[in-house]
Amino acid sequence: MIEKNKNIEGGLKRERKDPRDYSFQGIFGAVEVPIGDFVVAEPLEIKDQEVNVADGCTGYSLSAVSEDQEGVALSPEFTFAMIKKIEGNLSWGGGLRSGCKAAVKVGFIEKSDVPFNVSEKDRNFLANHLNWPWELQLKAQKHAKQSFVRVDGGPTTFDAIRAALWQNRGQKQSVYTGCVWRPGWLGAPGGIIPKEPKSGGVGHAIKAFGIKYIKGEPYLMVQNSYGTDVGDKGIFYFPKAVVQREFTFGAYQFVDMPQTEIKGILREKGLLIENKPNFLETVWQRFKEIF
C-alpha cells in the first residue's frame, strides 16, 4: 500500500478506566444485531485535523460524533480546547474519557460561532481554553450531552460496538472510540484495513458509525479526521480481528437519558457503583464554599 502524503502524529492518550462509568450492557442488556449493512447517520462533514491541530483527534472525532445527533457542523478546535480544560494542561493529545466529560459538562459550539479564523491560529492558541471567549461555553450548552456510557458486553469489542450502534441507531448515536493506528493504513485501497498485524503506530481517536459487509464479512465503518483524500473519501472499514486487536482505548456512546434515570435503572438491577466521597476533595470543596 502507498501511504498518502499525511502523517498521523498521534493524539490519543490512554486514561485510567473508571469502574463507576455507566455500563451500556447494564442499561440495555444483551442486544441482537441482524446480519446486514446499516449506518447510524451519514457523516455531516469529513474533517482534517492536520490543517490546524495535529494532535486534536479527540476533539475532531468527538465533534463528528455529536454532529450525528445535532445535525449541524461543530467546531472541533473549541471541543479540543474544552478537553484540554478538563485535563488541566496543554500537553500533547487528549483522552476519550476527558472528551466525554467535556461533551456533558460543556457541550459544543457551532462552526459559525467561532470568533476568529482558525487557519490563522497555531495549535497552542487553539488548544488553550483561555483564548476562547467564556460566553461560548454558555452557547455550547445548547449542544451538550446528557450522559455517556461505556460500550461493553458482547464476546468481542467489535460485537459490543456493533450492538451499541444498532441499539441506538434511531437516536443517531455513533460511538466515540480509538485505536492504535498503524503505518500504511491511510493508503489502504478503498479504505479497507488489512487484517495482517503491523508494528509501529500511534493512538488515534475515531468515530464508529455503522457496519458494512465486504465479501460476506462484517466490517466496522469508521470516520477519520484526515480529509477526504484518504480511505473511501475519509471513511475506513475495519475487520473484526483488527478491531479486537487494535481498539484498546475503550469505547463510549452518548445517550439521551438523564443520569438520574440511568442510575435508577442500574440501581434496580443491583449494578450501580455509587461514588464514594474523597476526603481531600470534600475538605477542598468546603474550603472554597467558606472562603
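Check the entry above for the structure.
Conventions adopted
Residues numbered from 1 in each chain as written. Predicted model: local features only at pLDDT ≥ 70, side-chain atom pairs only at ≥ 80, totals over all residues. Heavy atoms only, no water. Helix = DSSP H or I, 4+ residues; strand = E, 2+ residues; numbered from the N terminus. Buried < 20%, exposed > 50% of the residue type's maximum accessible area, 1.4 Å probe, protein only. Contact = heavy atoms within 4.5 Å. Areas by Shrake-Rupley, 256 points an atom, 1.4 Å probe, with all protein chains shown as cover. Lys, Arg positive; Asp, Glu negative; His and termini not counted. Charge placed at Lys NZ, Arg CZ, Asp CG, Glu CD. Core = buried A, V, L, I, M, F, W, Y, C linked by side-chain atoms within 4.5 Å. Salt bridge = Lys/Arg side-chain N within 4 Å of Asp/Glu carboxyl O. Polar contact = N/O pair within 3.5 Å; in protein donor to acceptor, adjacent residues only side chain to side chain. 1 Å grid on protein atoms, 1.4 Å probe; cavity = no way out; pocket = protein on both sides within 12 Å on 5 of 7 lines; lining within 4 Å. Points joined across faces, edges and corners; volume = space filled by probe spheres on them. Axes fitted to C-alpha atoms, helices over the stretch in contact; angles between N-to-C directions. Parallel < 35°, antiparallel > 145°, perpendicular 65-115°, else oblique. Left-handed = near helix turned anticlockwise from the far one by under 90°. Nonpolar A, V, L, I, M, F, W, Y, C, P; charged D, E, K, R; others polar. Pairing = 2+ DSSP bridges.

## Digging into the overall build of the protein
Thought 1: Check the secondary structure of the protein and you find 10 helices and seven strands.
Thought 2: Principal axes of the C-alpha set define a box for the protein whose edges measure 65 × 50 × 35 Å.
Thought 3: For the protein, with 291 residues in total, the buried portion stands at 51%.
Thought 4: Excluding contacts between residues fewer than 6 apart, the proportion of contacts in the protein whose partners are at least 24 apart in sequence is 76%.
Thought 5: Summing over all exposed atoms, the protein offers an accessible surface of approximately 13900 Å²; the carbon and sulfur share of this is 52%.
Thought 6: Averaging the locations of the 38 positively and 35 negatively charged side chains of the protein gives two centres separated by 4 Å.

## Here's the deal with the nonpolar core
Thought 1: Of all hydrophobic cores here, the largest spans 40 residues; its most connected members are Ile 161, Val 175, Trp 181, Leu 220, Phe 238, Phe 247 and Ile 262.
Thought 2: Among the elements that take part in this core, helix H7 (residues 157-167) stands out by supplying six residues, more than any other.
Thought 3: Residue contacts for Ile 161: discarding those within four places in its chain leaves Val 151, Val 175, Thr 177, Ala 208, Leu 220, Phe 247 and Ala 251.
Thought 4: If you look at the next biggest cluster of nonpolar residues, it comprises 35 residues, including Val 65, Trp 132, Tyr 176 and Val 180.

## Points about the pattern of salt bridges
Where charged atoms from two side chains of opposite charge come close, those side chains can pair.
Thought 1: Counted according to the given criterion, the structure contains 19 salt bridges.
Thought 2: Note that Arg 97 is salt-bridged to Asp 21, the shortest N-O span being 2.8 Å. Taken together, the residues span a long stretch of sequence, with Arg 97 in helix H4 (residues 96-105) and Asp 21 in the segment before helix H1 (24-28) at a distance of 76 residues.
Thought 3: Using a relative accessible area of 11% as the deciding quantity, one classes Arg 97 as buried.
Thought 4: Measuring nitrogen to oxygen at the nearest pair gives 2.6 Å for the salt bridge that ties Glu 45 to Lys 47.
Thought 5: One salt-bridge network, held together by shared partners, links Asp 18, Arg 20, Asp 21 and Arg 97.

## Topic: the side chain of Asn 168
Thought 1: Looking at the secondary structure, you find Asn 168 in the loop between H7 and strand E3 (175-181).
Thought 2: Residue classification places Asn 168 among the buried positions, given a relative accessible area of 4%.
Thought 3: A polar contact of 2.7 Å, which involves the side chain of Asn 168, links it to the side chain of Gln 253.
Thought 4: In this view, Asn 168 contacts Phe 24, Phe 28, Gln 173, Gln 253 and Val 255; residues no more than four positions away in its chain are not counted.

## Describing empty space enclosed by the protein
Thought 1: In this structure the tally under the stated criterion is one cavity of 30 Å³ or more.
Thought 2: There is about 30 Å³ of room inside the largest cavity.
Thought 3: Around the largest cavity, the lining residues are Lys 47, Tyr 60, Ser 61, Ala 64, Gln 223, Asn 224 and Ser 225.
Thought 4: In terms of residues, the lining of the largest cavity owes the most to one element, helix H2 (residues 57-70), which gives three residues.

## Focus on the packing of H2 against helix H3 (residues 76-87)
Thought 1: Running from N to C, H2 and H3 point in directions that differ by 120 degrees, and their axes come no closer than 8 Å. Accordingly, the angle class assigned to the pair H2 and H3 is oblique. Here H2 and H3 pass one another in a crossing that is right-handed. Between H2, through Thr 58, Gly 59, Tyr 60, Leu 62 and Ser 63, and H3, the contact on the second element is made entirely by Pro 76, Glu 77, Thr 79, Phe 80 and Ile 83.
Thought 2: Taken together, the residues of the contact of H2 with H3 break down into five nonpolar, four polar and one charged.

## Here we look at the pairing of strand E4 (residues 202-214)
Thought 1: Counted residue by residue, E4 has 10 buried out of 13 residues, so it is predominantly covered.
Thought 2: Sheet topology note: the strand E1 (residues 38-39)/E4 ladder contains two bridges and is antiparallel. Within E4, the residue paired with Phe 38 across the bridge is Ile 211.
Thought 3: Bridge analysis of E3 against E4 gives seven bridges, and the strand direction is antiparallel. Bridged to Tyr 176 within E4 is Lys 207.
Thought 4: Two elements, E4 and strand E5 (residues 217-223), share seven bridges in a ladder whose sense is antiparallel. From the neighbouring strand, Ala 208 faces E5, where its bridge partner is Val 222.
Thought 5: Counting the residues that bridge the hairpin from E4 to E5 gives two residues, and of these Lys 215 lies at a positive phi of roughly 50 degrees.

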